[in-house]
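Summary of the model geometry
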There are 2 protein chains.
Amino acid sequence: MIKEEVIKEIRKVVGDENVLVSKEDRLCYGYDSTPVAYLPDLVVRPSSTEEIRTIVELANRHLFPIIPRGAGTGLSGGSLPVEGGVVIDLTRMDRILEIDEENLIAVVEPGVVTYHLQQEVERRGLFYPPDPASLKTSTIGGNVAECAGGPRAFKYGVTRDYVLGLEVVTPTGQVIETGGKTVKSVTGYDLTRLYTGSEGTLGIITKIYLRLIPLPEAKKTLMAVYGKLDDAARSVTLIIKEGIIPVTLEIMDDRTIQCVENYRHLGLPLDAEAILIIEVDGPQVLIEEQAGRVAALCRDNGAREVKVAETEEEREQIWASRRAVSAAVVQIKPTKISEDISVPRSAIPEMVRRLKEIASRYRLDLVIFGHAGDGNLHPNILCDKNDPDEMERVEKAIGELFRAAVELGGTLSGEHGIGTMKAPYLKLETGEAGYQVMQSIKSALDPNNILNPGKIFRSDI
Amino acid sequence: MIKEEVIKEIRKVVGDENVLVSKEDRLCYGYDSTPVAYLPDLVVRPSSTEEIRTIVELANRHLFPIIPRGAGTGLSGGSLPVEGGVVIDLTRMDRILEIDEENLIAVVEPGVVTYHLQQEVERRGLFYPPDPASLKTSTIGGNVAECAGGPRAFKYGVTRDYVLGLEVVTPTGQVIETGGKTVKSVTGYDLTRLYTGSEGTLGIITKIYLRLIPLPEAKKTLMAVYGKLDDAARSVTLIIKEGIIPVTLEIMDDRTIQCVENYRHLGLPLDAEAILIIEVDGPQVLIEEQAGRVAALCRDNGAREVKVAETEEEREQIWASRRAVSAAVVQIKPTKISEDISVPRSAIPEMVRRLKEIASRYRLDLVIFGHAGDGNLHPNILCDKNDPDEMERVEKAIGELFRAAVELGGTLSGEHGIGTMKAPYLKLETGEAGYQVMQSIKSALDPNNILNPGKIFRSDI
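Looking up chain A in an unreviewed UniProt entry gives the name Glycolate oxidase subunit GlcD, with the organism given as Thermacetogenium phaeum. What the UniProt record of chain A gives under Cofactor (unreviewed entry) is the line "FAD". As stated in UniProt under Sequence similarities (unreviewed entry), the record for chain A gives "Belongs to the FAD-binding oxidoreductase/transferase type 4 family."

Notes on the overall build of chain A
Looking only at helices and strands, one finds 15 helices and 18 strands in chain A. For chain A, whose C-alpha radius of gyration is 23 Å, the value lies close to the compact-globule estimate of 23 Å for 461 residues. Its C-alpha atoms give chain A principal-axis dimensions of about 70 × 60 × 40 Å. The buried share of chain A, reckoned over its 461 residues, is 64%. Sequence-distant contacts, at least 24 apart, represent 72% of the contacts inside chain A between residues at least 6 apart. For chain A, the exposed surface amounts to about 16,300 Å²; the carbon and sulfur share of it is 47%. Considering chain A, the positive charge centre built from 54 side chains and the negative charge centre built from 69 side chains are found 1 Å apart.

Focus: the domain arrangement of chain A
Residue and element names in this part refer to chain A. Each assigned domain of chain A is listed with its residue range as follows: domain 1 (4–89), domain 2 (96–214), domain 3 (218–327) and domain 4 (333–407). One C-alpha centre belongs to domain 2, the other to domain 3; they are set 30 Å apart. Across the boundary between the two partners, domain 2 contributes five residues, which contact eight residues of domain 3. Carbon and sulfur atoms make up 64% of the area that domain 2 and domain 3 hide from each other, which totals about 640 Å². Broken down residue by residue, the surface that domain 2 buries against domain 3 is led by Pro151, Phe154 and Lys155, which jointly contribute 81%. Inspection of the domain 2/domain 3 interface yields one salt bridge. Of the charged contacts in the structure, one is a salt bridge between lysine 155 and aspartate 281, with a shortest N-O distance of 2.6 Å. Between domain 2 and domain 3 we count two residue pairs in polar contact (both at pLDDT 80 or more) in total.

Overview of the relation of the copies chain A and chain B
Mapping chain A onto chain B calls for a rotation angle of 180° and an axial translation of 0.0 Å; the resulting RMSD is 0.0 Å. With respect to symmetry, the two chain copies, as superposed, fit the operation of a two-fold axis. When the interface residues of chain A are mapped onto chain B, 100% of them are again interface residues, pointing to one common binding face.

Side note on the interface of chain A and chain B
If you look at the interface, chain A gives 73 residues, while chain B gives 73 residues. For the pair chain A and chain B, the summed buried surface comes to about 5,900 Å²; carbon and sulfur atoms form 64% of the total. Where chain A touches chain B, the interface holds 30 residue pairs in polar contact (both at pLDDT 80 or more). Sort the elements by how many residues they give to the side of chain A that touches chain B and helix H15 (residues 426–445) of chain A lands first, with 11 residues. Of the residues assigned to the side of chain A that touches chain B, the class counts are 31 nonpolar, 26 polar and 16 charged.

Some points on the packing of helix H8 (residues 229–241) of chain B against helix H10 (residues 284–300) of chain B
All names here are of chain B. The interhelical angle for the contact between H8 and H10, taken along N-to-C directions, is 145°, at an axis separation of 10 Å. Note on packing geometry: the crossing formed by H8 with H10 is right-handed. In contact with Ser235, Leu238 and Ile239 of H8, H10 contributes Val294, Leu297 and Cys298. The class makeup of the residues in the contact of H8 with H10 is five nonpolar, one polar and no charged.

A word on the pairing of strand S19 (residues 376–383) of chain B
All names here are of chain B. Burial runs high along S19: eight of the eight residues are buried. Residues Asn376, His378, Asn380 and Leu382 line one face of S19 and the alternating positions Leu377, Pro379, Ile381 and Cys383 line the opposite face, and both faces are buried. By the bridge criterion, four bridges tie strand S16 (residues 335–338) to S19 in an arrangement that is antiparallel. What sits directly across from lysine 336, in S19, is leucine 382. As paired elements, strand S17 (residues 341–342) and S19 share two bridges and run antiparallel to each other.

A closer look at helix H9 (residues 254–264) of chain A
Structural remark: α-helix, 3.6 residues per turn; residues separated by three or four positions point the same way. All names here are of chain A. Those residues of H9 that sit buried are Thr256, Ile257, Cys259, Val260 and Glu261. Considering only its buried residues, H9 is in contact with strand S13 (248–253), strand S14 (274–282), helix H11 (312–323), helix H12 (325–329) and strand S17 (365–371). Phi turns positive one or two residues past the end of H9, at histidine 265, with a value near 50°.

Side note on the UniProt feature "domain: FAD-binding PCMH-type" (unreviewed entry) in chain A
Annotation from UniProt places "domain: FAD-binding PCMH-type" (unreviewed entry) at residues 31–215 of chain A. Helix and strand shares over residues 31–215 of chain A are 21% and 24% respectively, and the end C-alpha atoms of the span are 36 Å apart.

Structural notes on the sheet that holds strand S16 (residues 335–338) of chain A
Residue and element names in this part refer to chain A. In space, the seven strands of this open sheet follow the order S15-S12-S14-S13-S17-S18-S16, with antiparallel pairing throughout. Each of the sheet's edge strands pairs with one partner strand only, and the pair in question is strand S15 (303–308) and S16. Adjacent strand axes in the sheet meet at a mean angle of 20°, parallel and antiparallel pairs treated alike. Alignment of S17 against strand S18 (residues 376–383), held across seven bridges, turns out to be antiparallel. When the bridges of S18 are listed, isoleucine 368 appears paired with proline 379. Along the sheet, helix H8 (residues 229–241) makes contact with strand S12 (218–226), S13 and S14, crossing S14 at roughly 15°.

Describing the packing of aromatic side chains
According to the stated counting rule, one finds 10 aromatic pairs over all chains in the structure shown. Here tyrosine 189 of chain A and phenylalanine 457 of chain B contribute two aromatic rings whose centre-to-centre distance is 5.6 Å and whose plane-to-plane angle is 70°, an arrangement assigned as edge-to-face. Of this pair, tyrosine 189 of chain A sits in the loop between strand S9 (175–179) and helix H7 (191–195) while phenylalanine 457 of chain B is found in the segment after helix H15 (426–445), placing the two residues in two different chains. The two residues tyrosine 189 of chain A and phenylalanine 457 of chain B agree in class, both being buried. Relative to phenylalanine 457 of chain A, the ring of tyrosine 435 of chain A has its centre 5.7 Å away and its plane inclined at 80°; by these criteria the two rings are edge-to-face. Of this pair, tyrosine 435 of chain A sits in helix H15 while phenylalanine 457 of chain A is found in the segment after H15, placing the two residues 22 residues apart along the sequence.

Conventions we followed
- Residues numbered from 1 in each chain as written.
- Chains lettered and ligands numbered in written order.
- Predicted model: local features only at pLDDT ≥ 70, side-chain atom pairs only at ≥ 80, totals over all residues.
- Heavy atoms only, no water.
- UniProt positions renumbered as here; feature names shortened; annotations may be inferred.
- Helix = DSSP H or I, 4+ residues; strand = E, 2+ residues; numbered from the N terminus.
- Rg over C-alpha atoms; globule rule 2.2 N^0.38 Å.
- Buried < 20%, exposed > 50% of the residue type's maximum accessible area, 1.4 Å probe, protein only.
- Contact = heavy atoms within 4.5 Å.
- Areas by Shrake-Rupley, 256 points an atom, 1.4 Å probe, with all protein chains shown as cover.
- Lys, Arg positive; Asp, Glu negative; His and termini not counted.
- Charge placed at Lys NZ, Arg CZ, Asp CG, Glu CD.
- Domains from an automatic or database assignment.
- Buried area = accessible area lost by both parts, 1.4 Å probe.
- Salt bridge = Lys/Arg side-chain N within 4 Å of Asp/Glu carboxyl O.
- Polar contact = N/O pair within 3.5 Å; in protein donor to acceptor, adjacent residues only side chain to side chain.
- Least-squares fit on C-alpha atoms with pLDDT ≥ 70 in both.
- Nonpolar A, V, L, I, M, F, W, Y, C, P; charged D, E, K, R; others polar.
- Axes fitted to C-alpha atoms, helices over the stretch in contact; angles between N-to-C directions.
- Left-handed = near helix turned anticlockwise from the far one by under 90°.
- Pairing = 2+ DSSP bridges.
- Phe/Tyr/Trp six-rings, centres within 6.5 Å; stacked < 30°, edge-to-face > 60°.

Encoded structure:
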């Protein structure tokens, strides 16, 4: 509980209208895109770095937790107030401060919606590639805090690859700037990348310098349907060996295909083991040739059907099947546990086999889709959170799937973060010593454990 | 001084032949590519992670400094034993452990020479782009520790953009693994990027996972000669606005051109204010067209001469002028102080003007060249380290040039690191609070200050 006198001080800082105390209001800031929710003690909606700095100072004086929050679309629990405290809603700080066309840099506040920024830069012939599925609602600040990925990461990299500099309010209430408008910088430790993906535990990000690139001239989309999963996986490897780096190399497994087809009736073959959706972009002259080579290569390697979109409408149709996945799978069961393992690309077939075996052993409904180019798979377990027996089996299956990923040289999280959902498993990957290094950094920078407590560091493996 | 009994223990760990105690031997490990040198107490040449771990344990027990060292080609003093101690020479750990063509990953020990790795991967049609000028002698371990850059960084990024994972011996003598064979990973803090560029102060890197990319099909090189520096700078901006991202966009100023021409007689015009060397790479069909557009654009924007290399011989000739720079400038004066500031690309003309003004005020001989695409300039002050009056003026000029870079939104170091050379100026850029954050991390991870003491943290601004 936050004391009344502290709330009074906070009101003075941000104004009455930006402090939410009613239970109804607070409920709206206690959830994210995971199936759990918590009630914060208070919600504060600051409009400036200085307001945030003052609140962090108050937090250190009165020892209450602060939970930074963007749009609450996270999939690992990063913005959940698991120990109560004050949620800092950053969506009022939503200005694009500058789009510097000469230096190809955007300077933004954390509350800018990612899609909004993308529209603004594309209007100028520029491109900000990271495209998490949530991009139409999620904020850049949240994307940076979680180091969000997306389908285009295969060619263009993830959020971290575009963050050049940050303004950060530290856990002890100081304001620092890291990096800035230079592409190259090796001045001291790489704090920019340390804060990126630190899930709100090391600082509150209040300004972001993003690298932009020229907008590619054109793109071309293909869909390849496979009778055998292994053939799809081999095609992925061979495309890359050919020296072609597609923007996206999405994969959907048999169960995903069935769910989508039953839901949307797009004409997907119900007996296919895998579908690849491949998009190439670049200069017009190049992509025509590349799309042709990709199509031929897929056909030569077991694809029983390859569609090349010749019009924007055909392109939309191909993507429609991928976009329908989330809506389709929740038709099966009310709860969707969305995982996010990543393995070396060559291990995809083995990982898919292991996932299916685990699901079958625990009698769970599982769909697998994801970004095959990166080896980043999203196994989604379809279940009912009100069925305790099933949820117990889900828990066990999740433990096993993480173990399988790490055994195959992979990682617990490709792009969603650790948050609360994967915290119990962190040491599986980091080991005790790696965990200690991370925890030492947290304790050194946040001695009072103010920022986002209960995240990342709850490993019980 | 290291006690005799400790040396005995170290001999047991690595074998007598890998412990160097004579002054002659130790002298060989006390310098790098900066103009200063120190004498280490001992040089140890381990061959395994376990040997290194044991030595770090001994260092914590007996409290002696450890200085990790690659090939000693650094330009900021990162491998200098400024407080004595034990130099750990990593060049015996020089195995390429794996080139995984399917996953496009190389796994190497730190002592592998960068050029050697590049040859091995290029033989397989793959590409490891980072190309610091020292690449024929410098090691990957040193490149990672300093986050080395190079001319190709404009298109391909710097070392950090290729490091996927590390094995590290921590300052307290534990072995951890970060990242690995997955391109995407957001499991806890980004220790991979924290260690990359940490200049041997946070850990000793013992294994490196590097991302590879397909080798570009072809390249094309141009040289454009400008009567006016501003025209050269404007051309750089316009090339990028056209959506062309050359591999390299090198710039040489008038004084550099004169030094090179006087030394090598390559036919460079002595009255030009700037030369750009531009290289594009990619599919053959694309680069012919891009090279044509770049040439036209340079001509339209003030270039009085544009050469497009049509043969490998002509390409070599263009690069010869750039490669001659280092040898040419030391003909003028015996000592070369090589700086490494980086500014937003659009600030290059203003930065060059300020640099010339500073040099003229302190009566110093200055050449400026560097990577214009990145805004990364290497002002080299030509002087004589045995002339104390001149060296005092050099010191003052360096302070001013760092201030100018930071004022223009730039950074002290684009690719050389802070080491000892720029340590006095660190706070200029980080501010007191940013400096404290970095120092907290150092103290938390290296409580006994074992690893590379006297580096980075000596700011007296």
